[in-house]
Amino acid sequence: MSMFKHACNVLIKVNTTQDYNISIDFYWAPMLVESNGDSPTDHLTPFRIVRIKSIEKHARHWVNSDILVFNSYRWWRSHVVNFLKSGGSLLDDRNNVYEEVNMVRAYKLGLKTWSNWAHTHIDPSKTKLFFMSATAVHLMANEWGGMSTMNCYGETEPVMDDRFWESQTDPKMLSILESSLHNLKAKGVNVQIINITQLTQCRKDAHPALYRKHWRPLTDEQKKNPQLASDCSHWCLPGVPDIWNELLLAYIFQ
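Residues numbered from 1 in each chain as written. Predicted model: local features only at pLDDT ≥ 70, side-chain atom pairs only at ≥ 80, totals over all residues. Heavy atoms only, no water.

**Student:** Explain the state of the cysteines to me, using residue names and the numbers behind them.
**Tutor:** Enumeration according to the criterion identifies one disulfide in this entry. Between the sulfur atoms of Cys-152 and its disulfide partner Cys-232 the distance amounts to 2.0 Å. The S-S bond linking Cys-152 to Cys-232 shows a torsion near -85°; that makes this disulfide left-handed. One end of the pair, Cys-152, is in the loop between strand 9 (128–132) and helix 3 (171–186); the other, Cys-232, is in the loop between helix 5 (220–224) and helix 6 (240–253), and 80 residues separate them in sequence. Cys-232 carries the same exposure label as Cys-152, and that label is buried. Here Cys-202 stays unpaired: no disulfide links it, and the sulfur of Cys-152, its closest cysteine neighbor, is 15 Å away. Assessed through its relative accessible area of 13%, Cys-202 is described here as buried. (Disulfide = S-S within 2.5 Å. Helix = DSSP H or I, 4+ residues; strand = E, 2+ residues; numbered from the N terminus. Buried < 20%, exposed > 50% of the residue type's maximum accessible area, 1.4 Å probe, protein only.)

In structure tokens form, the structure reads like this:
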């Protein structure tokens, strides 16, 4: 059985298998803390805003789970993340005051809020914790020898050089995640990282590109140049995600 339910303006997808007495929930909180991206259907904005120390709105839905799998990286990849300093209940109220923070420091502080919550609220004897590492995006074809005006659109083969590393995967941010998980483990909360970053680096051919849900009609310019409307960050199914799901299952059952 599959159903959707709405809680605190965040969509939760619940898949329930009665034969095995389990449910698998998908909870939308792309930055873990509260942000102006919390709506699953209305979140496209160049002005990223967060309440950097506020996580309970989301986290109260995570407690008492047997297994939690977290994932947060891509949404922090903004030149500036705006921390709400003062204002009303709305994150994007024009009278609010914000502090501009670079993405690396913002990511570190966001993970600190999440880590503090996990240390306080998670019982490691009851809940297994996992964190998926970043996955590659393939936005600039010149990085693998293609035209500078192109991206993943039309790609049918992987990059054949296994040393390839696309520019949007920031080693500094990956190190911050590893350090956060190491510090949590030292406090008695073990979070297993599922390192899928290298697995995805070469797979420029595995994105949906133009074959995706379009939330609004294509413009004339996009029809002439399909790469402008191509999705080069999400993944086709069946496809690459099947491999990291196999890795996750291996960790769960070990």
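**Student:** I'd love a proper account of the pairing of strand 9, names of residues and values included.
**Tutor:** Counting buried positions along strand 9 gives four out of five residues, so the element sits mostly inside the fold. Relative to strand 9, strand 6 (residues 67–71) runs parallel, the two being bridged by five bridges. Pairing of Ile-67 across the sheet is with Lys-128, part of strand 9. Pairing between strand 9 and strand 10 (residues 191–194): four bridges, direction parallel. By the bridge assignment for strand 10, Met-132 is matched with Ile-194. In the classification by handedness, the crossover that spans strand 9, the intervening helix 3 and the parallel strand 10 is right-handed. (Pairing = 2+ DSSP bridges. Right-handed = clockwise from strand over helix to strand, strands pointing away.)

**Student:** Explain the environment of Trp-144 residue by residue, including any values.
**Tutor:** By the element assignment, Trp-144 lies in the loop between strand 9 and helix 3. As a C-alpha pair, Trp-144 and Glu-166 span 22 residues in sequence and 8.5 Å in three-dimensional space. Those residues in contact with Trp-144, other than ones at most four positions away along the chain, are His-138, Asn-151, Cys-152, Glu-155, Val-159, Phe-164 and Lys-204. (Contact = heavy atoms within 4.5 Å.)

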